Amino acid sequence: AQTVTQSQPEMSVQEAETVTLSCTYDTSESDYYLFWYKQPPSRQMILVIRQEAYKQQNATENRFSVNFQKAAKSFSLKISDSQLGDAAMYFCAYIDGGATNKLIFGTGTLLAVQP
Amino acid sequence: DTGVSQDPRHKITKRGQNVTFRCDPISEHNRLYWYRQTLGQGPEFLTYFQNEAQLEKSRLLSDRFSAERPKGSFSTLEIQRTEQGDSAMYLCASSLAWVGNTEAFFGQGTRLTVV
């Protein structure tokens, strides 16, 4: 069974600084997708960034980028120039290449941004 | 269409009572997912629909749980004879099912407290 592990329950970063959130996963599939979702307090979860396993290039979305290490099954999220609005719970998630597209989530990392 | 909406946002019920939650997906989305999120955990998949057909149910979905999606539009999740262990956030997500599309849009969730 596929699993997603986030070993950092909480992280803190100073405004304008850079922070990296860690995620590892386990799968025997070769075709899959990885995601980082952001869940602000009392608001809905939104997609931050997506990585297709077949792509070697790391995904980037503005201040958000990933370090995808397929052999190590590692998928970390880097947030540059952190802003107060980045404070949220961040979930790493996985979808296999099958038909259901059901997400398998990690336990989350609560990110605090200090002014 | 402003996104996925869930109703109610909060529900407090006494143990043994039945509760029903509603999810209205983004109108053109043919897939609808239910997840459950308990404190300190990531969301866990419960079930999903493609149009009106319920295609997969997790082992987490005991026989006290039933979900429907009549006419392939909104969905309801009913819990019968609620137990304290049912206390959780119930999240709904919707997406368009086409090859390569993996993005799911989440609602704000229904927080259930069983007392």
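What you see is a predicted model, and the numbers here were worked out from it, not measured in a lab.

Asks: Teacher, can you tell me more about the sheet that holds strand 8 (residues 75-79) of chain B here?
Replies: Hydrogen bonding along the main chain pairs the strands of a sheet, whether they run parallel or antiparallel. Residues and elements named next belong to chain B. The strand order across the open sheet built from four strands is 1-3-8-7, with neighbouring strands paired in antiparallel fashion. Of all the strands in the sheet, just strand 1 (5-7) and strand 7 (65-68) have a single pairing partner and so form its edges. Ignoring strand direction, the axes of neighbouring strands in this sheet form an average angle of 15 degrees. Here strand 1 runs beside strand 3 (residues 19-24); their pairing, made up of three bridges, is antiparallel.

Asks: Sorry, what's going on with the state of the cysteines here?
Replies: By definition, a disulfide links the sulfur atoms of two cysteine residues through a covalent bond. Residue and element names in this part refer to chain A. Applying the stated criterion across every chain yields a total of two disulfides over all chains. Residue pairing for Cys23: its cysteine sulfur links by disulfide to Cys92, the two sulfurs lying 2.0 Å apart. The S-S bond linking Cys23 to Cys92 shows a torsion near -70 degrees; that makes this disulfide left-handed. With a gap of 69 residues between them, Cys23 in the loop between strand 3 (19-21) and strand 4 (24-26) and Cys92 in strand 10 (residues 88-96) connect regions that are remote in the sequence. Considered together, Cys23 and Cys92 belong to a single accessibility category, that of buried residues.

Asks: Explain the interface of chain B and chain A to me, please; I cannot follow it from the model alone.
Replies: A common measure of how large an interface is: the accessible area buried when the components associate. Contacts between chain B and chain A engage 21 residues on the former and 20 residues on the latter. Buried surface at the junction of chain B and chain A, both sides included, amounts to about 1700 Å², of which 49% is carbon and sulfur. A salt bridge links A:Lys102 to B:Glu56; the nearest nitrogen and oxygen atoms lie 2.4 Å apart. The tally of links from chain B across to chain A stands at six residue pairs in polar contact (both at pLDDT 80 or more). Contributing elements (two or more residues each) for the side of chain B that touches chain A: strand 4 (31-37) and strand 5 (44-50) of chain B.

Asks: Explain the environment of B:Gln6 here, please?
Replies: Residue and element names in this part refer to chain B. Relative to the helices and strands, Gln6 is located in strand 1. Spatially, the C-alpha atom of Gln6 lies 4.5 Å from that of Cys23, the residues being 17 residues apart in sequence. The contact partners of Gln6, leaving out residues within four places of it in the chain, are Arg22, Cys23, Trp34, Tyr90, Leu91, Cys92, Gly107, Gln108, Gly109 and Thr110. Separated by 2.9 Å, the side chain of Gln6 and the backbone nitrogen of Cys92 make a polar contact.

Asks: Please explain the nonpolar core as it appears in this structure.
Replies: What tends to happen in soluble globular proteins is that the nonpolar side chains get buried as a cluster. Core analysis: the biggest nonpolar cluster contains 25 residues, and A:Trp36, A:Phe75, A:Leu77 and A:Tyr90 have the highest contact counts within it. Mapped by element, the contributors of at least two residues to this core are strand 3, strand 5 (32-39), strand 6 (46-52), strand 8 (64-69), strand 9 (74-79), strand 10 and strand 12 (109-114) of chain A. A per-element tally of this core places strand 10 of chain A first, with four residues. Grouped together as the second largest cluster of nonpolar side chains are 19 residues, B:Phe21, B:Ile26, B:Trp34 and B:Ala88 included.

Asks: For this particular structure, what's the right way to read the pattern of salt bridges?
Replies: Close approach of charged atoms allows side chains with opposite charge to pair. Residue and element names in this part refer to chain A. The tally for this structure, following the rule as stated, stands at eight salt bridges over all chains. For Lys55, the salt bridge goes to Glu52, with nearest N and O atoms at 3.8 Å. Relative accessible area serves as the criterion here: at 38%, Lys55 is assigned to the partly exposed category. Look at Glu52 and you get buried, because its relative accessible area is 8%. The structure contains a network of salt bridges with shared partners spanning Arg50, Glu52 and Lys55.

Asks: I'm lost on the packing of aromatic side chains in this one. Help?
Replies: For any pair of aromatic rings, the description rests on two quantities: the centre-to-centre distance and the angle between the ring planes. Tallying each qualifying case throughout the model produces 16 aromatic pairs over all chains. With a centroid separation of 5.4 Å and an interplanar angle of 40 degrees, the aromatic rings of B:Phe21 and B:Tyr90 are classed as tilted. Residue B:Phe21 is found in strand 3, and its partner B:Tyr90 is found in strand 9 (residues 88-95); the two are separated by 69 residues along the sequence. Look at B:Tyr90 and you get buried, because its relative accessible area is 0%. Among the aromatic side chains, those forming a connected cluster through ring pairs are A:Phe35, A:Tyr37, A:Phe91, A:Phe105, B:Tyr33, B:Tyr35, B:Phe45, B:Tyr48 and B:Phe106. Between B:Arg22 and the ring centre of B:Phe74, over which it is positioned, the NZ or CZ distance is 3.9 Å.

What counts, and where the lines are drawn
Residues numbered from 1 in each chain as written. Chains lettered and ligands numbered in written order. Predicted model: local features only at pLDDT ≥ 70, side-chain atom pairs only at ≥ 80, totals over all residues. Heavy atoms only, no water. Pairing = 2+ DSSP bridges. Helix = DSSP H or I, 4+ residues; strand = E, 2+ residues; numbered from the N terminus. Axes fitted to C-alpha atoms, helices over the stretch in contact; angles between N-to-C directions. Disulfide = S-S within 2.5 Å. Buried < 20%, exposed > 50% of the residue type's maximum accessible area, 1.4 Å probe, protein only. Contact = heavy atoms within 4.5 Å. Buried area = accessible area lost by both parts, 1.4 Å probe. Salt bridge = Lys/Arg side-chain N within 4 Å of Asp/Glu carboxyl O. Polar contact = N/O pair within 3.5 Å; in protein donor to acceptor, adjacent residues only side chain to side chain. Core = buried A, V, L, I, M, F, W, Y, C linked by side-chain atoms within 4.5 Å. Phe/Tyr/Trp six-rings, centres within 6.5 Å; stacked < 30°, edge-to-face > 60°. Lys NZ or Arg CZ within 6 Å of the ring centre and 35° of its normal.

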